[in-house]
Every structure is written in structure tokens, then in C-alpha cells.
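# Summary of the model geometry
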There are 2 protein chains.
Amino acid sequence: MKRKITLKQIAKELDVSISTVSKALRNSPEISNDTKQKVQAFAKLYNYRPNNIALSLKNRKTNTIGIIIPEIVHHFFSKVIRGVELVANNRGYNVIIGLSNESFSKEVINMEMLANGSIDGFILSISKETQQLQDFHHFTETMSQGMPIVMFDRVVSEIDCDKVIVDDLNGAKNAVEKLIINGCKSIALITTKDYVSVGKLRTQGYLEALKDHKMTPKANLILKIDDTLDFETHLDELEEEIEQLFNSNEYIDGVFAVNELYALSAMKVARKLGLNIPNDVQVIGFTDGVLSKHATPGLTTVSQHAQQMGERAADLLIDKLESEIDTEEEEFQTIVIATDLVERESTK
Amino acid sequence: MKRKITLKQIAKELDVSISTVSKALRNSPEISNDTKQKVQAFAKLYNYRPNNIALSLKNRKTNTIGIIIPEIVHHFFSKVIRGVELVANNRGYNVIIGLSNESFSKEVINMEMLANGSIDGFILSISKETQQLQDFHHFTETMSQGMPIVMFDRVVSEIDCDKVIVDDLNGAKNAVEKLIINGCKSIALITTKDYVSVGKLRTQGYLEALKDHKMTPKANLILKIDDTLDFETHLDELEEEIEQLFNSNEYIDGVFAVNELYALSAMKVARKLGLNIPNDVQVIGFTDGVLSKHATPGLTTVSQHAQQMGERAADLLIDKLESEIDTEEEEFQTIVIATDLVERESTK
DNA sequence: GAATGTCACGAAAACGTTTTCGTGTTAAAA
DNA sequence: TTTTAACACGAAAACGTTTTCGTGACATTC
């Protein structure tokens, strides 16, 4: 089994020095045309490619960015990855992934694994557990060693770094306003516990929309789910909670859910209770998922433009990496990605 | 902005040699306890971690595996990645991803980017375009340089390497048999053009099941879709083709589709034509997707165990990487992952 | 013929490790 | 007191590059 060919081997074979080979391949004017041609022909024949690791060591730059996400089997996150990968590759970078599985310790371990020279910078969305624990030492530590971080979607205000976020508040507000304009009088909210930053903001958007239209929020119209449970495998419990929500309110004609699964479950429960969608109750979800599109009826959703988030995050990170030469005063940006309301059949 | 601390800096600070620092940190018996403690304390204080790139260069081993897939926004592939990532991390490896976007040239470029020292081996599923072009030089070239490859799902028999595949033939056969047992007399097949290896095998499974039950396949019951089109954005055309399929056959009471989208579209069309599922027509799809579960009615599917495929592929690759020390005669395995029939409401 | 300049190339350092081998110091053995 | 052994450490090479600087050979100029 052959190994990859190196400069040294070429040099030996052609009876010149390593430096000469290197220069010949990079077309340096120092080298005569004869030698250049000889070397280049030989290199081509043996399919020579410079060893990336050696280059990384020499240049103290890996041209690789690390992305840490809580979960990859999730349309939102895989779309973000696609966005990151797209611009990264175009700009000459590789992407290396780490999954935290929503666990704090796995997040820390993964970051440590990558931070030791493997990558030039991080793009990440923090795990639920980290959000709960409020322990951010691994972020500050990484940044203090000169490794830039870009956070997306689930960000944390305590850390000063570049961020790309969804306009959760206004996205939610617009959705709820849509329901109001469509004539809904009693709009339920299905959301998460408050420690999930995005859940909190979407809840806030719901409240603002009501307020703007002089409607009073009612506590029993708001269902806060504890989403530390994996509802992909515990769908029944989720549906049960939602059914209770419907039953404890005589009249719900609109539902705003902070994610796709909650919205779909709401539709399912409503149908089960004999309600027609969208005539009796209208439903809007929040997501970039594929379920909404193929559901029956199609679910109206707030689209987050996940791929765009990934692209912006990658650009932000690479810009920082390549400007760092001038070590200008640290200046962090927060890019807010506007949402779109994608109207389907679950609203009038 | 601080850089990461190195052995050299520690050595200078403590006024010992680099070798001493290195040995002290690795608890070498050569070093006195005094010095060890001094060095270790200092290293801990400054949070010293060995530079991975330097280690990779020295050891000629990156402990990173590259995975090339056609598309990441796809449940099957993201589940495979999760499987790979899981065992890779457990065994001390990182995972770096490359997307081919179903394009031959992107596949080649991506592989070249990674093959130059960045990774120790590949796990990949080949793009549709590569399957069409039948150009596999990048695989042979990579392997001839001593870099092992494990192919999964979409494999190619021309290349000798480890493989992890789904038992497409039997998966399809079992599904169709299920329909037959359930009383279907006229079973349609919605598949892809033959160059897609998995499509071909599933078609074959369909035919075998019919044959085993003395049923004659009818040409106008078989619809071969040209899936070079992106049907996520051209759903209508897909549905139109399927509607023609239904219209050109007086009586279809069963549908087997080789993927989730085709199956869902078939259900949609059937409903549109006034047919009840599963009473008038029963439908089975082939996938590991999330749509089937949340569709109404739930779609009965052939599950591929994508995550398990990723796990097996990663184990195969790492085993090879770590055994290569003895350079035993190359011996390649092909692991066949059995499928499961997940029964939901689209069948009786 | 001496001084200067150009050309074509090689030596060596550097990136951050690990590891082999050599060496000076001290303590124990003869 | 000399020999030997153990001990504690340092020098240097190696992994594969790129780049700076030095140098010998030859040609040109005065």
C-alpha cells in the first residue's frame, strides 16, 4: 500500500533539494524553466498534493471551521449545516461537526476536542442543558484563547460574540396577528418552558400581538410544555396535554405553536375533537421543517430561513478569521434574520 | 488576544527543556517528582492542551474521518451521520463532512480537499450523477494512496471496498408480499430510473414478490420517475405523473413506492380521486423519514435503520484504520442491514 | 584583471509534538 | 579512591511544508 508522495521524495528522485521542488511547484522565478518543467511533470505524474496537516501547522491555520449543534436529525439544524457548508467550501474551508445531543457535558467535550488546533473557529447553537445550567465557561475559555465563536438561533446574552438569530419575537407576533385578523377571538399558545430562549421570545411575541389588539391573555389558554422529554417517542403524552388544553377552554378558535410538532399535534387533537381546520380552529406553527408542507391540511408556518442563517454565520466567522490580521478592536455583530409567514391550508 | 500555550513556552517559563516538559506531562519515570509537579501545575494553570495538528503530523494520523453524502437535509442521511458521529466520538475520532449535492464534480473536489492529509479514511454514499456517469476514478485513486473507503447505501460493485447496504431487495419484496397477503390484486410500483442502484433493487424485489405469488407484472402498473428533478420543489409534476398512473389503470388497490415522497404523493392523489386509504387502496413506502409517521393516515414503511448503518460503517472504517498496522491481506466486508416493516394506517 | 551583478539553487529555520539517545551528576559498590 | 550504576535531564531528529538568506558559478562592466 503506497503512501502519499512528499516533497522530500520528489527531491530525492530528481536529485535536487526540497526547497527547489517547493519553489518549482509554486512557480517561483528563482527556479529555471528547465527545472520547473521537470519537477512539475514529475509531480503531476505522481499526483502530488501538499499535505494539509503540514500546511496547517506551518500556517497556524487549519482552514476548517467547527460546528456544534444539539441534534442533526432535525430539519432546522441540517439546513443550517447546509448553509454553513455552502459558503465555507466556496471560501476554501472545511466543516467539521460535533453533536451535543442537548447535553452540557457532550458540548464541552466536543468543543475541547476541536479547540486544540483542529479548527480556526466555532459556529454553534447551545444545548438545552447548557441553557438550563447557565454555565458558559467553555465559551469564554475558548474565546480567551483567540478562537472566535459565532452563535446562532439559541444564543446567550451573557457571552459577547457574533450572533445570528431569528426574529423570534416579531415572527411570533406576526403569526398571532394573522390569526387575529382572520377573526380568531380565543387564541391558544403552545410553547416551551421559559429557559429556552427562543420559546421565551415567541411567547413574548404572542403576548405583544394580543396587547396591540386590546386582547387580554388568559392563563388557561397558554400551555407550557417541558420539552426536555423527547416527544418524537412520547407523542401521546404531548397530545394528552393538548387535549386537556382544548377541554379546559370552552372555545378555542386559533392556535399558535412554537414549533412544528406542537402545531401538528394540535391539529391532530382538534380533528379528533370533531373540529374542522381551518373553519373551526386555525393553526400556525414555527419552523423550517418538512412536516408542515406535507401535512393535511398543510400547516401555515413561520419560516426561519435556516439555510440563510448558516450562510450568514459562516460569512461572519470567516470574515473575522481573515480580518484578524489587523487585530482591530473586537466588535461583535448580531444579525437578525427576518421570518416569513408561509400560508397554507391551516389558516383561512 | 492570547494564543494557545505551547510546550516551548512552558519550557522557557520554567527554565527547563521542551523534552522535560513533554515527559513530565506524560508522567515519564525519567522525570523527578519535583519537576513533574512543577510542570503539571503550571500546565494546568495555563490550561495546556497538546496541539492536535502537530500530533497529527507527527503520528501521520489525524483521528478524523471524512463523510461525503449527497445531501444533508434528508432524514436518512442525517441519521446516518448521527450513527457515524456516535461511534466515531466514542472511539476518539472526529467527523468532517462534505456534501456532494448529488454532483459528480463536487464529490471529486470534496474528496480531494479531504484526502490530502485532513482525514484518515472515508465513509461515503455516492451521488446520483456519479452513478450515471459511472466514473469511479476518484475512489480508486484515493484507495491506491492507502486511504480506506467505506461505502454505504448507494454503493458500486466495481469498487472493492467495505460496504454497508440495506437489504433493498428483500425489504421491497416483503412489503409487496404484505400487500398481496392483505388482498391486493393490482399493485402499482412507483420507482426511479434504473441507474439508481437502490431503485433498481427495490424494483427487483417488487417483481420477485409478484412472481412468487404467481402474479404477472403489468408494464402500465410500473411508473419510473426521473428523479434528477428536485421534487421537493416540483411536487405538482410528480403528482400529475401519479395521477396518470391511476387513470390509465381501471383498478389499483395497492401501491408500493420506493421512497417516502412518492408514497405520500400517491396517497394524496388517491384521496383526490375519491379513494379511501386503506380500504380502497393500500400504500407502503420505503424510508426512514419523519413524514410517514406524521402523515394522515400514517404511512406503512420499510424502515432502513439509517443510524445503525452509520454506526456499522464507522466501526468498519475504524477497525480497518486501527488494524492496518499489520497490513494483512486486504479483505473487504459487505454488511447487509435487514429492514423492518413498520405498519401504520395506510395498510389493513 | 578586478569589481559587480545576475542566476539558480541549497541550507536551515519554523510550526508543536514525541521519542531516542547521549551526558553530567551523584550515590553506592568494590 | 576508583568504578559502576542509577538518576534527571537536554539535544536533536522526525513529521511535511514554506520562506529567508546565503553562496557558487558565470557574465558583464570598468
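A brief look at the structure comes next. (Residues numbered from 1 in each chain as written. Chains lettered and ligands numbered in written order. Predicted model: local features only at pLDDT ≥ 70, side-chain atom pairs only at ≥ 80, totals over all residues. Heavy atoms only, no water.)

## A short note on the protein's contact with DNA strand C
For DNA strand C, the set of nearby residues contains 28 residues, the closest of which are A:Thr20, A:Lys23, A:Glu30, A:Thr35 and B:Lys8. The share of sugar and phosphate among atoms of DNA strand C within 4 Å of the protein is 58%. Between B:Ser22 and DNA strand C, the recorded distance is 2.8 Å, taken from a side-chain N or O atom to a phosphate oxygen. Where the surface near DNA strand C is concerned, the elements lending two or more residues are α2 (18-25) and α4 (52-59) of chain A together with α1 (7-14), α2 (18-25) and α4 (52-59) of chain B. At four residues, α2(B) tops the list of elements feeding residues into the surface near DNA strand C. When its residues are assigned to classes, the surface near DNA strand C shows nine nonpolar, nine polar and 10 charged. (Near = heavy atom within 4 Å. Polar contact = N/O pair within 3.5 Å; in protein donor to acceptor, adjacent residues only side chain to side chain. Helix = DSSP H or I, 4+ residues; strand = E, 2+ residues; numbered from the N terminus. Nonpolar A, V, L, I, M, F, W, Y, C, P; charged D, E, K, R; others polar.)

## Re the pattern of salt bridges
Residue and element names in this part refer to chain A. Overall, the coordinates contain 28 salt bridges over all chains when judged by the stated rule. A salt bridge links Lys-178 to Glu-343, with the nearest nitrogen and oxygen atoms 3.0 Å apart. Taken together, the residues Lys-178 in helix α9 (residues 168-181) and Glu-343 in the segment after β12 (340-342) connect sequence positions 165 residues apart. The class for Glu-343 is partly exposed, based on a relative accessible area of 47%. One salt bridge connects Lys-268 with Glu-239, and the closest N-O pair in it is separated by 3.4 Å. Of the two residues, Lys-268 is situated in helix α12 (residues 260-272) and Glu-239 in helix α11 (residues 235-247); the sequence distance between them amounts to 29 residues. (Salt bridge = Lys/Arg side-chain N within 4 Å of Asp/Glu carboxyl O. Buried < 20%, exposed > 50% of the residue type's maximum accessible area, 1.4 Å probe, protein only.)

## Observations regarding the pairing of strand β7 (residues 222-225) of chain A
Residue and element names in this part refer to chain A. The side-chain alternation of β7 yields one buried face, formed by Leu-223 and Ile-225, and one unburied face, formed by Ile-222 and Lys-224. Of the strand pairs in this sheet, strand β6 (residues 187-192) and β7 are connected by four bridges, and their pairing is parallel. Following the sheet pairing, Leu-189 is matched in β7 by Ile-222. A crossover connection joins β6 to the parallel β7 through helix α10 (residues 197-212); in handedness this β-α-β unit is right-handed. (Pairing = 2+ DSSP bridges. Right-handed = clockwise from strand over helix to strand, strands pointing away.)

Purely spatial values, then, with no claim about function.
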